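# Breakdown of the fold
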Amino acid sequence: MSNMLLLMQYNNALEMDKMVNYYLITFVIALICLVAMLCTYEMNQVNFFILASMVLSVLSNAGYLLIALSHNVNEAVIAKKITYLGGCFSPVFMIYLIFAICNYRMSRKLKLGIMLPALVVYSMACTIGYNDFYYKDMYLYEFAGAKVLGSTYGPGHTFLYVLLIGYILVQIALIGYSFARKKVVSRNNLIMLVAITSINVASFLIGRFINPAIEVMATVYVIDGFILFYMNKKWKSYNVTDNIRKLSERNEMYGYAFVDNRMRFLGCNDKLLDVFPWFALCEVDEYLSNNKESGDILKLFEQCSKTGFVECGYEISDKHYECHVETMMDRNKCIGYMLEMEEDTDKWMYTKLLAEHNSNLENFQKELEKKVDEQTFEISQQKKQIDELYMNTVTALS
C-alpha cells in the first residue's frame, strides 16, 4: 500500500513538473549537441557560424529553464533577456552560415549591417524591467509546474517581429537564389538550410496561436542543433575537398576534379573545364554517372577506388595529358578521390618522336647488319671459289 502511495506521489510530482522537465530535457539535449560539436570541431568559417548558433541555442534553452524555475518576476526577467540572445542573434548567424555555405562574398560592412538591427532590438529587450517600452504589466504565474512570465507587450516589441520577418525573407532569398543559380553549392546543404528556415518560420507562426505558456522555440533549438551538428559532420568532408580545391586554384598548370566516395561530383577548377567542358553541367552532390560524357573519367575514379592510385596518359585531339587519380583521406578514412591532369603535349611529342627515331635507328641497324651478313657471305663464297680454282690450277700444272 505504501509503495502504491509513493508511486502515486511520484506520478503526481512528474505531472506537476512536466513543463520543468520539458525545459530541462531540451536544455540537456542542446548542451549535448554543443559538447559533441566541440569534440569534433575544426576551425573554419562555416564551423564557427554553426558553433555560434549552437551556443545561442544552449543559452536560450537555459533561459527558458531558468524562467520555469524562477521565484519572482526579477529572476524571470533576467532569464527572459537570456532567451532573447537566441531570438535576436540566431537568425543573424544563420544568414552568415548561408553566405559561407553558398560561397557569397561578405564584407565587414555587410556583416555589421546584418548584425546591427539585432543589436538594436536586443538593446530594446534589455530595457525590460526599467521601462514600459518593450514589456509592461509583467507578472508571474504557474503552468504545469513551471513558472511563466506573463506580460503586455510595449511598442518596442513590434520591432522584434519586423526583425525576424526581415531576416527570414533574407534567408529565403539567399537560399532560393542558390537553388536557381549556383550549381557549385551542395544541394544537400541547401536542403538542410531550407529545413532549418522552414522549421523556424513554422514555429514562429505556431507560437503565435498556441498556448503562450508553452515555449515552442525550446524544441526548435533542439531540432536546429541536430541539423547543425549533421551539417558540421558533413561539412568536414567538403572542407577537406575545399582546402585541396583552393590549393589547386593557385596552380594554373594543373586541372583538378573531385568526387566523394560515392562518385558524386564535388567540384573542379577552370583548367579542367577547358579540357572537359561537360563538367560545367555537373551539380555538386550529383552522381557523375548522370552525365553521359563522364564515362572515361568515371572509369579512372572507379579504378582508383579499387587500387588507391591511378597513373595514365590521356589523349584528346592533338593534345596529351598526364593523369593522376589519388584517394582523399580524412583521419584514415576515404572521403573521395582527386583527379589531377597536366598537359604534357610537347614532352609527349618529343618522347614519341624519340621513340620513332630509336625505332627507325633500330630498323636501320638491323637492315645494315643484314646487308653486312649478306656481303660477308658473298665474300666468303667468292674466296671459296678462288681457293678451289687455285687448287685446280696447281693440280693441273703438277
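First things first, this report covers the structure right here in the doc. (Residues numbered from 1 in each chain as written. Predicted model: local features only at pLDDT ≥ 70, side-chain atom pairs only at ≥ 80, totals over all residues. Heavy atoms only, no water.)

Before going further, it helps to spend a moment on the packing of helix 4 (residues 73–101) against helix 5 (residues 108–125). The contact between helix 4 and helix 5 brings their axes to 9 Å, and the two run at 170°. In terms of axis orientation, helix 4 runs roughly antiparallel to helix 5. Residues Lys81, Tyr84, Leu85, Cys88, Phe89, Val92, Phe93, Ile95, Tyr96 and Phe99 of helix 4 form the contact with helix 5, whose participating residues are Leu110, Lys111, Leu112, Ile114, Met115, Ala118, Leu119, Val121, Tyr122 and Ala125. Grouping the amino acids of the contact of helix 4 with helix 5 by side-chain chemistry returns 18 nonpolar, no polar and two charged. (Axes fitted to C-alpha atoms, helices over the stretch in contact; angles between N-to-C directions. Helix = DSSP H or I, 4+ residues; strand = E, 2+ residues; numbered from the N terminus. Parallel < 35°, antiparallel > 145°, perpendicular 65-115°, else oblique. Contact = heavy atoms within 4.5 Å. Nonpolar A, V, L, I, M, F, W, Y, C, P; charged D, E, K, R; others polar.)

A contiguous patch of negative charge, built from Glu369, Asp373, Glu374 and Glu378, is present on the exposed surface. For glutamate 369, a relative accessible area of 43% translates into the label partly exposed. (Patch = residues over 30% accessible without salt bridge, like charges linked within 9 Å, V, L, I, M, F, W, Y side chains within 5 Å. Areas by Shrake-Rupley, 256 points an atom, 1.4 Å probe, with all protein chains shown as cover. Salt bridge = Lys/Arg side-chain N within 4 Å of Asp/Glu carboxyl O. Lys, Arg positive; Asp, Glu negative; His and termini not counted. Charge placed at Lys NZ, Arg CZ, Asp CG, Glu CD. Buried < 20%, exposed > 50% of the residue type's maximum accessible area, 1.4 Å probe, protein only.)

Further remarks concern the packing of helix 4 against helix 6 (residues 158–181). To describe two helices that pack against each other, one gives the angle between their axes and the distance between the axes. Where helix 4 contacts helix 6, the two axes come as close as 10 Å, and the packing angle between them is 20°. Regarding the angle of helix 4 to helix 6, the classification is roughly parallel. Of the two possible hands of crossing, helix 4 and helix 6 adopt the one that is left-handed. Of the residues in helix 6, those in contact with Tyr84, Gly87, Cys88, Pro91, Val92, Met94, Ile95, Ile98 and Phe99 of helix 4 are Leu160, Leu163, Leu164, Tyr167, Val170, Gln171, Leu174 and Ile175. (Left-handed = near helix turned anticlockwise from the far one by under 90°.)

A few words now on the state of the cysteines. For the structure on display, the rule yields zero disulfides. Distance from the sulfur of cysteine 312, which forms no disulfide, to the nearest cysteine sulfur (cysteine 323) is 4.6 Å. Its sulfur unpaired, cysteine 334 is 7.8 Å from the next cysteine sulfur, which belongs to cysteine 304. (Disulfide = S-S within 2.5 Å.)

Looking now at the sheet that holds strand 4 (residues 265–268). One open sheet holds the five strands; their spatial order is 4-3-7-6-5, and the pairing between them is antiparallel. With one partner strand each, in any of the chains shown, strand 4 and strand 5 (309–316) form the two edges of the open sheet. Between one strand axis and the next, the sheet turns by 20° as a mean value, whatever way the strands run. Pairing geometry for strand 3 (residues 254–260) and strand 7 (residues 333–343), over seven bridges, is antiparallel. When the sheet's bridge partners are listed, alanine 257 is paired in strand 7 with leucine 339. (Pairing = 2+ DSSP bridges.)

Moving on: the pairing of strand 3. Most of strand 3 is tucked away: six of the seven residues are buried. Judged from the three bridges that link them, strand 3 and strand 4 form a sheet pairing that is antiparallel. Residue pairing across strands places phenylalanine 258 opposite glycine 267, the latter belonging to strand 4. The turn joining strand 3 and strand 4, which pair antiparallel and follow one another in sequence, is formed by four residues; a positive phi near 65° is taken by methionine 263.

A word on empty space enclosed by the protein. What the rule picks out here adds up to two cavities of 30 Å³ or more. Of the volumes computed, that of the largest cavity is approximately 40 Å³. Surrounding the largest cavity, Met253, Tyr254, Gly255, Lys271, Leu272, Val275, Tyr321, Met341, Glu342 and Glu343 form its lining. Within the residue set of the lining of the largest cavity, elements represented by two or more residues are strand 3, helix 9 (270–275) and strand 7. Residues of the lining of the largest cavity, tallied by class, amount to six nonpolar, one polar and three charged. Computed from the structure, the second largest cavity encloses a volume of approximately 30 Å³. Surrounding the second largest cavity, Ala30, Cys33, Met54, Ser57, Tyr221, Val222 and Gly225 form its lining. Contributions of two or more residues to the lining of the second largest cavity are made by helix 2 (18–39), helix 3 (45–69) and helix 8 (217–250). (1 Å grid on protein atoms, 1.4 Å probe; cavity = no way out; pocket = protein on both sides within 12 Å on 5 of 7 lines; lining within 4 Å. Points joined across faces, edges and corners; volume = space filled by probe spheres on them.)

Right, let's talk about the pattern of salt bridges for a bit. By the definition in use, this model includes three salt bridges. A salt bridge links lysine 80 to glutamate 215; the nearest nitrogen and oxygen atoms lie 3.5 Å apart. Placement of the pair is lysine 80 in helix 4 and glutamate 215 in the loop between helix 7 (187–206) and helix 8, with a sequence separation of 135 residues. In this structure, aspartate 260 and arginine 264 form a salt bridge, with 2.7 Å as the shortest nitrogen-oxygen distance. Like arginine 264, aspartate 260 is buried.

Backbone geometry places aspartate 137, a non-glycine residue, at a positive phi of 55°. Within the secondary structure layout, aspartate 137 lies in strand 1 (residues 135–143). What makes aspartate 137 exposed here is its relative accessible area of 55%. Backbone geometry places alanine 144, a non-glycine residue, at a positive phi of 50°. Following the sequence through the fold, alanine 144 ends up in the loop between strand 1 and strand 2 (146–153).

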